[in-house]
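# Structural features, examined
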Amino acid sequence: MTPATQRTRPALAAADPEIAALVTAEEDLQAETLRLIPSENYVSRAVLEASGTVLQNKYSEGYPGRRYYEGQQVIDQVERVAAERAKALFGVEHANVQPYSGSPANLAVYLAFAEPGDTVMGMALPMGGHLTHGWGVSATGRWFRGVQYGVRRDTGRIDLDEVRDLALRERPKAIFCGGTAVPRTIDFAAFGEIAREAGAVLVADVAHIAGLIAGGAHPSPVPHADVVSTTTHKTLRGPRGAMLLSRAEHAKRIDRAVFPGLQGGPHNQTTAAIAVALREASQPSFSAYAHAVVANARELADHLLARGFDLVSGGTDNHLILMDLTPKDVPGKVAAKALDRAGIVVNHNAVPYDERKPFDPSGIRIGTPALTSRGLGTGHMATVAEWIDRGVNAARTGHEAALAALRAEVAELMAAHPAPGLPTA
Ligand SMILES: *Cc1c(COP(=O)(O)O)cnc(C)c1O
């Protein structure tokens, strides 16, 4: 039999067997493992095909109808389609689909609305915020004065009174809401009121939950935020990229900040794949997907609680669960590495008020977007919780054989639920 690599990527297999073999190895890994990293997903074959095209070959600095290079007869149409679909799906007046990824998209927001040294406000990284919300090691924390809010120690939830007091005292130019380890619904309306009162621009960074919003499984920030920033590759299930959505009044500022402010030529193959993902996300089946992601996460949280896991905020409203493993007597990184050996892929993560160091924190972060894309439903969540429990126990006791046995069970269930976009052997 012809090896899979030669069958599906004959030119790559012939020209560069080393890289071809690595791509195949990654396909196998993604097929066999239970991928629980909440920022990851499986894109469709259509998205993969769109991103691997000759659109790659074209330079198109500028925007449709006003480019710095000729030969844009087709590229202009691709970008217009992507932007129109983004506007329709999220109900916004303006969409910029050119940011290379979520971090540069956020940097463009700073460039559009603030000057170096200005005060900006966001959620602290160890509380669940993103680096680019003004955290110290990020350019955004070095070039701007980042003031940071967190969650309450007793509830694990954002204290909106604290956010309001901080905003009125510090008068930031921009307030970021949203984060990377936030298991609860974000109250965009409340943030909108606070931002108006403080005279700040409200930036809703929905990178993690964009797919849930598109599918109607999380409230939309659009009526409340001046700018919505999102990646396209998390719950939205598109290629690695980003978008900035806004009212028409901010369109010029944002477009100028992305290009020529921050970037050169857009990645047109990615723009095409974003357009495909947006079309997919506008179908009724995607709304069902988004609701299933949330139902799975809630069910999984309930089973984990029943097994004595300590979940930050006591559970989840969305796709994400953050757990503190202190009561299980295993550091997050030790647990994550053991689970990885069992074919269960998670990431170690700080929990709010973590007493351990950021590179060796107390928690792990999991989520249901990828497993839901494979068709796993609420009926499977008891098993997933049991596997996590067994994996964490094996991590504590150093029981490698238990992890190997777990890996075989995981592979068997995964084989019965082929992942979108991957070749089926
Ligand atoms: C993932 C994420 C980003 C950054 O996206 P990259 O594409 O990794 O640069 C920004 N903000 C939030 C809230 C995120 O979750």
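Refer to the structure printed above.
The paragraphs below set out a description of the structure included in this document. Quantities reported herein were computed from a predicted structural model and do not represent experimental measurements.

This part covers the layout of surface pockets. Reported here for the largest pocket is a volume of approximately 790 Å³. In terms of lining, the largest pocket is formed by 30 residues, of which the most central are Q30, N41, Y42, V43 and L48. Where the lining of the largest pocket is concerned, the elements lending two or more residues are α3 (17-32) and α4 (45-51). Residue composition of the lining of the largest pocket, by class: 10 nonpolar, 10 polar and 10 charged. Viewed by domain, the lining of the largest pocket spans two of them, domain 1 (51-281) and domain 2 (288-416), each represented by three or more residues. Counted as a void, the second largest pocket has a volume near 480 Å³. Lining the second largest pocket are 25 residues; nearest its centre among them are L125, P126, T180, N349 and A350. Looking at the lining of the second largest pocket residue by residue, the class counts come to 12 nonpolar, eight polar and five charged.

This part is about helix α16 (residues 381-397). With 17 residues, α16 extends 24 Å between its outermost C-alpha atoms, agreeing within 8% with the 24 Å of an ideal straight helix rising 1.5 Å per residue. All of the buried residues in α16 are M381, V384, A385, W387, I388, D389, G391, V392, A394 and A395. Where α16 ends, the next residue or the one after it, G398, has phi of about 70°, a positive value.

Right, let's talk about the sheet that holds strand β15 (residues 363-367) for a bit. The strand order across the open sheet formed by four strands is β11-β12-β15-β14, and the pairing between neighbours is antiparallel. Both outer strands of the open sheet, β11 (310-311) and β14 (347-349), are each paired with one neighbouring strand and no more. As defined by bridge partners, strand β12 (residues 320-324) adjoins β15 across five bridges and the pair is classed as antiparallel. Paired with D324 across the two strands is G363, which belongs to β15.

Right, let's get into the packing of α3 against helix α17 (residues 400-415). Where α3 contacts α17, the axes come no closer than 8 Å and their chain directions differ by 95°. Judged by the inter-axis angle, α3 sits roughly perpendicular to α17. Across from L29, A31 and E32 in α3, the residues of α17 making contact are R407, V410, A411 and M414. Each residue belonging to the contact of α3 with α17 can be placed in one class, and the counts come to five nonpolar, no polar and two charged.

On the surface, a cluster of positive charge is contributed by R66, K252, R253 and R256. The dominant element in the positive patch, judged by the number of residues it contributes, is helix α11 (residues 251-262), at three residues. Tracing the sequence through the fold places R253 in helix α11.

Analysis parameters
- Residue positions are given per chain, counting from 1 as you read along its sequence in written order.
- Since the coordinates come from a predicted model, pLDDT governs what is reported: local features require at least 70, and pairs of side-chain atoms require 80 or more to be given and counted, while whole-chain, interface and lining totals use all residues.
- Water and hydrogen atoms were dropped before computing side-chain values, which therefore reflect all heavy atoms in the structure.
- Only protein atoms enter the 1 Å grid, on which a cavity is a set of points fitting a 1.4 Å probe that cannot get out and a pocket is an open set with protein on both sides within 12 Å along at least 5 of 7 lines, lining residues being those with an atom within 4 Å of a point.
- Grid points are joined across faces, edges and corners, and a volume is the space filled by probe spheres set on the points.
- By definition, any uninterrupted DSSP run of H or I lasting at least four residues is a helix, any uninterrupted run of E lasting at least two residues is a strand, and each is numbered from the N terminus.
- For this classification, Asp, Glu, Lys and Arg are treated as charged, while Ala, Val, Leu, Ile, Met, Phe, Trp, Tyr, Cys and Pro are nonpolar and the rest, including Gly, are polar.
- Marked domain ranges trace back to an automatic or database domain assignment.
- Given a helix with a known number of residues, its expected span is that number minus one, times 1.5 Å.
- Relative accessible area decides the class of each residue, using a 1.4 Å probe on protein chains only: under 20% of the type maximum gives buried, over 50% gives exposed, and in between gives partly exposed.
- Each pair of strands is called paired provided DSSP finds at least two bridges between the two strands.
- Helix axes are fitted only over the stretch in contact, all axes being lines through C-alpha atoms; the angle between N-to-C directions runs from 0 to 180 degrees.
- Note that the term roughly parallel is reserved for angles under 35 degrees, roughly antiparallel for angles over 145, roughly perpendicular for angles of 65 to 115, and oblique for everything else.
- Should any heavy atoms of two residues lie within 4.5 Å, those residues are counted as being in contact.
- Within this analysis, patches are made of residues with over 30% relative accessible area and no salt bridge. Like charges are joined at 9 Å or less; nonpolar side chains (Val, Leu, Ile, Met, Phe, Trp, Tyr) at 5 Å or less.
- Per-residue and other accessible areas were derived by the Shrake-Rupley procedure at a 1.4 Å probe size, with only the shown protein chains allowed to occlude residues.
- The term salt bridge refers to a pairing of a side-chain nitrogen on Lys or Arg with a carboxyl oxygen on Asp or Glu at a separation within 4 Å.
- Charge assignment in this entry is limited to Lys and Arg as positive and Asp and Glu as negative, and neither His nor the chain termini are counted.
- Working definition for charges: the position is that of NZ of Lys, CZ of Arg, CG of Asp or CD of Glu.

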